Amino acid sequence: MAQHSEGTVTATGKFLTLEGTEGVGKTTNLEFIRDWLQDRDVPLLVTREPGGTPLAEQLRELLLCKRDEKVDPVSELLMVFAARAQHLNTVIRPALEQGTWVLCDRFTDATYAYQGAGRGLSLSMIESLEQLVQQELRPDLTLVLDIDVEVGLARARARADLDRFESEQVAFFERVRGGYRARAEAAPQRYRLVDAGQPLEQVQEDIGQILEQLLGSKLGG
Ligand code: TMP
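In this text the structure is predicted, and so the values were computed from the model without any measurement. Residue positions within a chain follow its written sequence, with the count starting from 1. In keeping with the predicted nature of the model, local features appear solely for residues at pLDDT of at least 70, side-chain atom pairs appear and are counted solely at 80 or more, and the whole-chain, interface and lining totals rest on all residues. Computation of side-chain values covers all heavy atoms of the structure but excludes hydrogens and water.

Take Q134: it is sitting in helix α5 (residues 123–134). Residue classification places Q134 among the buried residues on the basis of a relative accessible area of 0%. In protein, a polar contact requires one atom able to donate a hydrogen and another able to accept it; more generally it is a pair of N or O atoms within 3.5 Å, and residues adjacent in sequence count only if both atoms are side-chain atoms. Among the polar contacts listed, one links the side chain of Q134 to the side chain of T108, at a separation of 2.5 Å. Reaching out from Q134, the side chain makes a polar contact with the backbone oxygen of L137 at a distance of 2.8 Å. Contacts are assigned to residue pairs with any non-hydrogen atoms lying within 4.5 Å of each other. With residues near it in sequence (within four places) discarded, Q134 still touches F81, R84, L88, R93, F107, T108 and L129. Strands here mean DSSP runs of E at least two residues long; helices mean DSSP runs of H or I at least four residues long; both are numbered from the N terminus. Here's how the labels work: a residue is buried when its accessible area is under 20% of the maximum for its type, exposed when over 50%, partly exposed in between, all with a 1.4 Å probe on protein chains only.

Another aspect to go through is the side chain of K26. Here K26 lies in helix α1 (residues 26–39). Those residues within four positions of K26 in sequence are excluded, and the remaining contacts are L18, E19, G20, D105, R106 and L145.

Close to the ligand lie 15 residues; K26, R60, R106, T111 and Q115 are nearest. Note that a nitrogen atom of the ligand is positioned 2.8 Å from one of the side-chain N or O atoms of Q115. Coverage of the ligand by the protein amounts to 93% of the 480 Å² it exposes when considered alone. Breaking the shell around the ligand down by element, the ones donating at least two residues are α2 (54–64), α3 (73–97) and α4 (108–118). Counting residues per element, the shell around the ligand draws most heavily on α4, at four residues. A molecule or strand has a residue near it when one of that residue's heavy atoms lies within 4 Å. Areas reported here follow the Shrake-Rupley algorithm with a probe of radius 1.4 Å; residue values treat only the protein chains shown as occluding.

This is a description of form; function is not addressed.
Structure below.
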């Protein structure tokens, strides 16, 4: 169950997020999770960050497009949270309140990993914005797909034009990966780290087991 600003706990849908570095197989596994839940008649909304509303999708374009001007990390952080406030308050919260589960492709753990560990912004700055925008709302379960950075980047770079983030150096993604792993280790009740370097069948078997536990309410809020 998700907690709301007043600290009350209501019978809401569960809030699931999927995270990982570039080329980790997020899209394929998001579809797997969607199908798995829908096959079990779970009412589900699938969405993504940055994005998920027209305004937030425009902010996403601003964030991802390559530009000559150097983007200030704090400016980047504020754009991420501007998009998140819109998405959370107009899409995610209303869905959860109606009992719909929300599966979100990235959320605030990406901010801790990319803007925090990656760009070097302080934890306290991110925590302040998280509190401001989300109040007490946190995902019930976060799946972190984990893969060797070079392997993931080779996949990402093979498939399309690189966006502003994908164009970063290996060292940046090593920090991002480290950020995700550290968060997953610090709060094992909320995170599940999945070895995404395994064959896809095995990855999805692992994810299926985690979802079984969640559905049986042994995991999450
Ligand atoms: P995607 O291509 O995996 O959908 O994500 C878009 C990019 O946005 C990805 O490179 C990570 C980045 N990002 C952040 O830097 N901070 C955030 O809070 C989020 C949600 C995404």
